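Each chain is listed here by its residues.
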Amino acid sequence: MQFLICTTCGVQMDESMTQDDVCPICTDERQYVNPNGQSWTTLSDMISSGTYQTTVTEEQSGLQSLVTTPKFGIGQTAYLVTGTKRILWDCVTYLDQTVIDAVGQLDAMALSHPHYYATQVEWAETFGIPLYIHEADQEWVTRPSKQIVFWSGDQLALSEDVILHRIGGHFEGATVLEWTTGNDGRGILLTGDIVRVVADRAWVSFMYSYPNLIPLPATTVAEMASVLKDVRFNQIYDAFHKIVVTDANAAVARSASRYIEALNGNVKKRERQ
Ligand SMILES: [Zn+2]
Ligand SMILES: [Zn+2]
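So, here is what we can say about the structure in this document. (Residues numbered from 1 in each chain as written. Chains lettered and ligands numbered in written order. Predicted model: local features only at pLDDT ≥ 70, side-chain atom pairs only at ≥ 80, totals over all residues. Heavy atoms only, no water.)

## Describing the overall build of the chain
- Of regular secondary structure, the chain possesses five helices and 19 strands.
- Taking 2.2 N^0.38 as the reference for a compact globule, 273 residues should give roughly 19 Å; the C-alpha atoms of the chain span a radius of gyration of 18 Å, in line with that estimate.
- Referenced to the eigenvectors of the C-alpha coordinate spread, the extents of the chain come out at roughly 55 × 40 × 35 Å.
- Across the 273 residues in the chain, those meeting the buried criterion constitute 54%.
- Counting 19 positive and 32 negative side-chain charges, the chain places the centres of these two groups 11 Å from one another. (Helix = DSSP H or I, 4+ residues; strand = E, 2+ residues; numbered from the N terminus. Rg over C-alpha atoms; globule rule 2.2 N^0.38 Å. Buried < 20%, exposed > 50% of the residue type's maximum accessible area, 1.4 Å probe, protein only. Lys, Arg positive; Asp, Glu negative; His and termini not counted. Charge placed at Lys NZ, Arg CZ, Asp CG, Glu CD.)

Put into structure tokens, the structure is as follows:
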């Protein structure tokens, strides 16, 4: 069975999707349909083209990044956290035997939100692992699988040192991953694009849609910040391989304040961090 993959978002569909259909992820106002028209590929076409590779790179002890080159779909970075368990955070579309060998063994995978679902079911079934998605985003799952575990509530411990937090915002089920023992025990937060590290790496931002630049309401940003205030982390790695290297918890707090002040019409000159 050849499952179609949307070339704009990189998400794989189930067998009911045909070449004449339009991607449900891209027709949502948070994404966009390719201005040249919807186009599809398949994983086997990607593999036989010989065009792509997904590279696994050591970021620091216990943390590896996975990036596909050349850029495919949204171009996100996935991460492999090796704490008490080996957990894949988010997903990239391109998967072949070389990637499988480089990743080795996995215990579980978890997703921040639908834009990075990619070929998540191929990954979960290949590695024989549970795939954790917040139940609030269930409607966006385009290829069902018995590997998918829909979790509920606002927190889920995947292991002794990895905790998922549903913070909402970009999507209702939008989730970030806390790795308590990362960065020599100071804590790392993997955020997908639920919290994005911006050009000035002492700051982050929060959006309903990044490609279409739709902001979030002040109340939502305040709620996201209030959850993260109580999570202990010193660094953030986002889905575009942007990193807040130190003092990341404070960066989230001051960025949320600045965002809310701007929405309320108060943009002012600040000291550089
Ligand atoms: Zn799409
Ligand atoms: Zn997104």
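## Concerning the side chain of Thr-8
- Relative to the helices and strands, Thr-8 is located in the loop between β1 (5-6) and β2 (40-41).
- A relative accessible area of 7% places Thr-8 in the buried class.

## Some details on the packing of helix α4 (residues 218-229) against helix α5 (residues 248-263)
- One way to put it is that α4 packs onto α5 with a least axis distance of 10 Å and a crossing angle of 165°. Accordingly, the angle class assigned to the pair α4 and α5 is roughly antiparallel. For the pair α4 and α5, the sense of crossing is left-handed. Touching Ala-218, Val-221, Ala-222, Ala-225, Leu-228 and Lys-229 of α4 are Asn-249, Val-252, Ala-256, Tyr-259, Ile-260 and Leu-263, all from α5.
- The class makeup of the residues in the contact of α4 with α5 is ten nonpolar, one polar and one charged. (Axes fitted to C-alpha atoms, helices over the stretch in contact; angles between N-to-C directions. Parallel < 35°, antiparallel > 145°, perpendicular 65-115°, else oblique. Left-handed = near helix turned anticlockwise from the far one by under 90°. Contact = heavy atoms within 4.5 Å. Nonpolar A, V, L, I, M, F, W, Y, C, P; charged D, E, K, R; others polar.)

## Quick look at the coordination of the zinc ion (ligand 1)
- Coordination of the zinc ion (ligand 1) by the protein involves Cys-6 (SG), Cys-9 (SG), Cys-23 (SG) and Cys-26 (SG), with metal-donor separations of 2.3 to 2.4 Å.
- Classification of the site at the zinc ion (ligand 1) rests on its four donor atoms, whose angles at the metal span 105 to 118°, yielding the label tetrahedral.
- Mapped onto the sequence, the residues coordinating the zinc ion (ligand 1) show the spacing C-x2-C-x13-C-x2-C. Linking Cys-6 in strand β1 with Cys-26 in the loop between β1 and β2, this pair joins segments that are 20 residues apart in sequence. Just as Cys-6 is buried, Cys-26 falls in that class too. (Donors = N, O, S within 2.8 Å, 3.2 Å for Na, K, Ca; no water. Tetrahedral: all angles 85-135°; square planar, octahedral: opposite > 155°, others 65-115°.)

## With respect to the packing of aromatic side chains
- Here the structure, examined in full by the defined rule, presents six aromatic pairs.
- For the pair Trp-123 and Phe-127, a centre-to-centre distance of 6.0 Å together with 20° between the ring planes defines the contact as stacked. A residue pair is termed a helical-turn pair when its members lie 3 or 4 positions apart in one helix, as Trp-123 and Phe-127 do in helix α3 (residues 120-127) at four residues. Summarising the burial analysis for this pair, Trp-123 and Phe-127 share the class buried.
- These aromatic residues form a ring-pair network of at least three members: Tyr-52, Phe-72 and Tyr-94. (Phe/Tyr/Trp six-rings, centres within 6.5 Å; stacked < 30°, edge-to-face > 60°.)

## A closer look at the coordination of the zinc ion (ligand 2)
- Only His-113 (NE2), His-115 (ND1), His-170 (NE2) and Asp-193 (OD) from the protein reach the zinc ion (ligand 2) as donors, at distances of 2.1 to 2.5 Å.
- Seen from the zinc ion (ligand 2), its four donor atoms lie at angles of 94 to 150°, and the figure they make is irregular.
- In the primary structure, the donors to the zinc ion (ligand 2) are separated according to the pattern H-x1-H-x54-H-x22-D. Here His-170, found in the loop between β11 (162-166) and β12 (175-179), pairs with Asp-193, found in the loop between β13 (188-190) and β14 (196-197); they are 23 residues apart in sequence, far enough to count as distant. Across this residue pair, the class does not change: His-170 and Asp-193 are buried.

## So, the sheet that holds strand β10 (residues 155-157)
- Read from one edge to the other, the open sheet built from six strands follows the order β10-β11-β12-β13-β18-β19, with strand pairing classed as mixed. Only two strands of the sheet have a single neighbouring strand rather than two, namely β10 and β19 (243-244).
- Two elements, strand β18 (residues 235-237) and β19, share two bridges in a ladder whose sense is antiparallel. Residue pairing in the sheet places Tyr-237 in a bridge with Ile-243 of β19. (Pairing = 2+ DSSP bridges.)

## What to know about the environment of Gly-169
- Relative to the elements of secondary structure, Gly-169 occurs in the loop between β11 and β12.
- Judged by its relative accessible area of 17%, Gly-169 is buried.
- Those residues in contact with Gly-169, other than ones at most four positions away along the chain, are Tyr-208, Leu-216, Thr-220 and Met-224.

## A closer look at α3
- Considered for burial, the residues of α3 that qualify are Gln-120, Val-121, Trp-123, Ala-124 and Phe-127. Buried positions in α3, seen along its axis, are confined to an arc of 160° and lie on one side of it.
- Where α3 is buried, its residues contact β4 (63-69), β6 (86-89), α2 (97-103), β7 (108-110), β8 (131-134) and β9 (148-151). (Arc of directions from axis to C-beta.)

## Some remarks on α4
- With twelve residues, α4 should reach 16 Å at 1.5 Å per residue; the first-to-last C-alpha distance of 16 Å fits that figure.
- Where α4 is concerned, the buried positions are Thr-220, Val-221, Met-224, Ala-225 and Leu-228. In a view along the axis of α4, the buried residues occupy a sector of 130°, so they form one face of it. Counted as exposed and oriented over 90 degrees from the buried face of α4: Thr-219, Glu-223 and Lys-229.
- Lining the buried residues of α4 we find β12, β13 and α5. (Expected span 1.5 Å × (residues − 1).)

Don't take any of this as a statement about function, it's just geometry.
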